[in-house]
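The residues making up each chain are set out below.
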Amino acid sequence: MDPLDDQFRVPGGRLTPAPACCRVLSLSGGGFRGLYTARLLARIEESGKFGDGPIGARFDLIAGTSVGGILAAGLAAGVSARELHAMLAQWGPSIFPKLSLRTLQKLFSKKVYAAEPLERAIVACLDGRAHTPLSELDKPLMLTTVSWSLGEIRLLRSRGLAGDEADACSLLAAARATSAAPAHFPAVMLDDDWHVDGGLAANCPDAHALVQAQRRGAPVRMLSVGTTGVRHKSVPSRLPLRGFAWAQPALDLSMEAQEHMARATCARELRERYLHLNSEAGGDQQILRDLDVATPDASAALTRLADQRFEALLADAEESRRLRFIMGDGEAV
């Protein structure tokens, strides 16, 4: 066991034992591909091999970006991963309806999709707690967003994580702010400032979640879950040379580079106390290329990939052991 487990700290002038560990669940962004995340978490939740009860209750801190932030908020509100998966599958086609000339709309429209279906989906996911201020939420929660005017990342934190420094905005406002993807949804006003999708700076929030968790004074263990999709492959002959052709590839490459750095930081820092679960799109690359495709084919592909990843997890003795360790209270088994 980590020697820090036996240390004591002094909150409010009282000597109390430090917790044995701080278990962190960190969820990446990826639009409708978050259905993969929800499905994989639901399979873990219902398997009985990694603990019992709603999976959010098995972690001491939950962090998320964009759709991962919406899922994180739902888990922090006590909603099961199974319910979140069902709601995302139900609401996805309303959030991302089929559009004609979708690429041109992304280039020239102020927004492509209406905010109302997204907000209704978030309210459903939060199960009656949509208007609960973060400053009144006891579950440690961290959502990422980006200040449009300041050009910097902002971490929206609950009372359970930040105490008196918690943010006053509601869970609904925080979930909207982390998922306000430019060229998709309108920005969100928080504290007299416009905020946009946290994926612009931390699509994979693992490194920021690690810093927040380390402040709690206990050894950190982290489960990180991605949203599959198409990974960037360097092919010089297909490098865009000019104009609008740069826009989407450059954004995808920037987000993927950040994700690699965040995961590498946590893997180096936490070693066996860190596990990242994700899948390659494989033969479903064309279907899953964009984050705003919520067709039956996309749903089927995401569900299939999540189920395959869960079966691979069960078949891999080392991964299963590591996940039990991360989600448990004691030593590695």
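This is a predicted model, so every value here is computed, not measured.

Asks: Let's hear about the nonpolar core: which residues, and what values?
Replies: Formed by 71 residues in total, the largest nonpolar core has its most connected members in Leu25, Ile44, Leu75, Leu141 and Leu223. Apart from the residues lying within four places of it in its own chain, the contact partners of Ile44 are Phe50, Ile55, Arg58, Leu277, Phe310, Leu313, Leu323 and Met327. One finds Met142, Leu210, Met222 and Tyr274 within the second-largest nonpolar core, a separate group that totals 14 residues.

Asks: Report on the UniProt feature "short sequence motif: GXGXXG" (unreviewed entry) in the chain, specifying residues and quantitative values.
Replies: Under the UniProt annotation, the feature "short sequence motif: GXGXXG" (unreviewed entry) is placed at residues 29–34. Regarding residues 29–34, the helix share stands at 17% and the strand share at 0%, and the terminal C-alpha atoms are separated by 7 Å.

Asks: Kindly report on the pattern of salt bridges, identifying the contributing residues and their values.
Replies: Enumeration according to the criterion identifies 16 salt bridges in this entry. When the shortest N-O distance is used, the salt bridge between Arg321 and Glu318 registers 2.9 Å. With Arg321 and Glu318 both in helix 12 (residues 317–327) and three residues apart, this pair spans about one turn of that helix. Taken together, the salt bridges that share partners define one network made up of Arg39, Arg43, Asp307 and Glu311.

Asks: Residue-level account of the UniProt feature "active site" (unreviewed entry) in the chain, with values.
Replies: Cross-referencing UniProt, the feature "active site" (unreviewed entry) maps to Ser66 and Asp197 in the present numbering. Spanning 132 residues, the annotated positions come together in the fold, the maximum distance between their C-alpha atoms being 6.1 Å. Relative to the helices and strands, Ser66 resides in the loop between strand 4 (61–64) and helix 2 (67–76). Apart from the residues within four sequence positions on either side, Ser66 is in contact with Gly29, Thr178, Ser179 and Asp197. Mapped onto the fold, Asp197 is located in strand 8 (residues 193–197). Beyond its immediate stretch of four places on either side in the chain, Asp197 contacts Thr65, Ser66, Val146, Ala177, Thr178, Ser179, Ala180, Ala181 and Pro182. Of the polar contacts made by the side chain of Asp197, one reaches the side chain of Ser66; its length is 2.8 Å.

Asks: Please set out the packing of aromatic side chains residue by residue, giving values where relevant.
Replies: Scanning all chains against the criterion turns up three aromatic pairs. Pairing Phe96 with Phe185 gives two aromatic rings, centres 5.8 Å apart and planes at 55 degrees, and the pair type is tilted. Here the residue Phe96 occupies a position in the loop between helix 3 (81–95) and helix 4 (102–108), and Phe185 occupies one in the loop between helix 7 (171–178) and strand 7 (188–190), the gap between them amounting to 89 residues. By the burial criterion, Phe96 is buried, and Phe185 matches it. Seen in terms of ring centroids, Tyr113 and Phe185 are 5.9 Å apart; in terms of plane orientation they differ by 40 degrees. Their pairing is tilted.

Asks: So, the side chain of Ser158: which residues are in play, and what are the values?
Replies: Topologically, Ser158 is positioned in the loop between strand 6 (152–157) and helix 6 (159–162). Within the local environment of Ser158, its side chain forms a polar contact with the backbone oxygen of Lys139, the two atoms lying 2.6 Å apart.

Asks: Residue-level account of the pairing of strand 8, with values.
Replies: Across the five residues that make up strand 8, a large majority, four, are buried. Taken together, the three bridges between strand 5 (residues 141–147) and strand 8 define a ladder with antiparallel strand orientation. Its bridge partner lying in strand 8, Thr145 is registered against Asp197. As defined by bridge partners, strand 7 adjoins strand 8 across three bridges and the pair is classed as antiparallel. Bridge assignment links Val188 to a residue of strand 8, and that residue is His195. Following strand 7, the chain reverses through two residues before pairing antiparallel with strand 8; Asp191 in that reversal takes a positive phi of roughly 50 degrees.

Asks: Please set out helix 11 (residues 296–315) residue by residue, giving values where relevant.
Replies: Taking 1.5 Å of rise per residue, the 20 residues of helix 11 would be expected to cover 28 Å, and the 29 Å separating its terminal C-alpha atoms lies within 8% of that figure. Turning to helix 11, its buried residues number three or more, namely Ala298, Ser299, Ala301, Leu302, Leu305, Ala306, Asp307, Arg309, Phe310 and Leu313. Elements in contact with the buried residues of helix 11: helix 1 (34–47), strand 10 (274–277) and helix 12.

Asks: Could you give an account of the pairing of strand 5, naming the residues involved and the relevant values?
Replies: Most of strand 5 sits inside the fold, with seven of its seven residues counted as buried. Judged by which residues are buried, strand 5 turns out to be covered on both faces: Leu141, Leu143, Thr145 and Ser147 on one side and Met142, Thr144 and Val146 on the other are all buried. With three bridges joining them, strand 4 and strand 5 adopt parallel strand pairing. Looking at the pairing, Ile62 lines up with Leu141 of strand 5. Hairpin connection between strand 5 and strand 6: a loop of four residues separates the two successive antiparallel strands, and Gly151 in this loop has a positive phi of roughly 65 degrees.

What counts, and where the lines are drawn
- Residues numbered from 1 in each chain as written.
- Predicted model: local features only at pLDDT ≥ 70, side-chain atom pairs only at ≥ 80, totals over all residues.
- Heavy atoms only, no water.
- Core = buried A, V, L, I, M, F, W, Y, C linked by side-chain atoms within 4.5 Å.
- Buried < 20%, exposed > 50% of the residue type's maximum accessible area, 1.4 Å probe, protein only.
- Contact = heavy atoms within 4.5 Å.
- UniProt positions renumbered as here; feature names shortened; annotations may be inferred.
- Helix = DSSP H or I, 4+ residues; strand = E, 2+ residues; numbered from the N terminus.
- Salt bridge = Lys/Arg side-chain N within 4 Å of Asp/Glu carboxyl O.
- Polar contact = N/O pair within 3.5 Å; in protein donor to acceptor, adjacent residues only side chain to side chain.
- Phe/Tyr/Trp six-rings, centres within 6.5 Å; stacked < 30°, edge-to-face > 60°.
- Pairing = 2+ DSSP bridges.
- Expected span 1.5 Å × (residues − 1).

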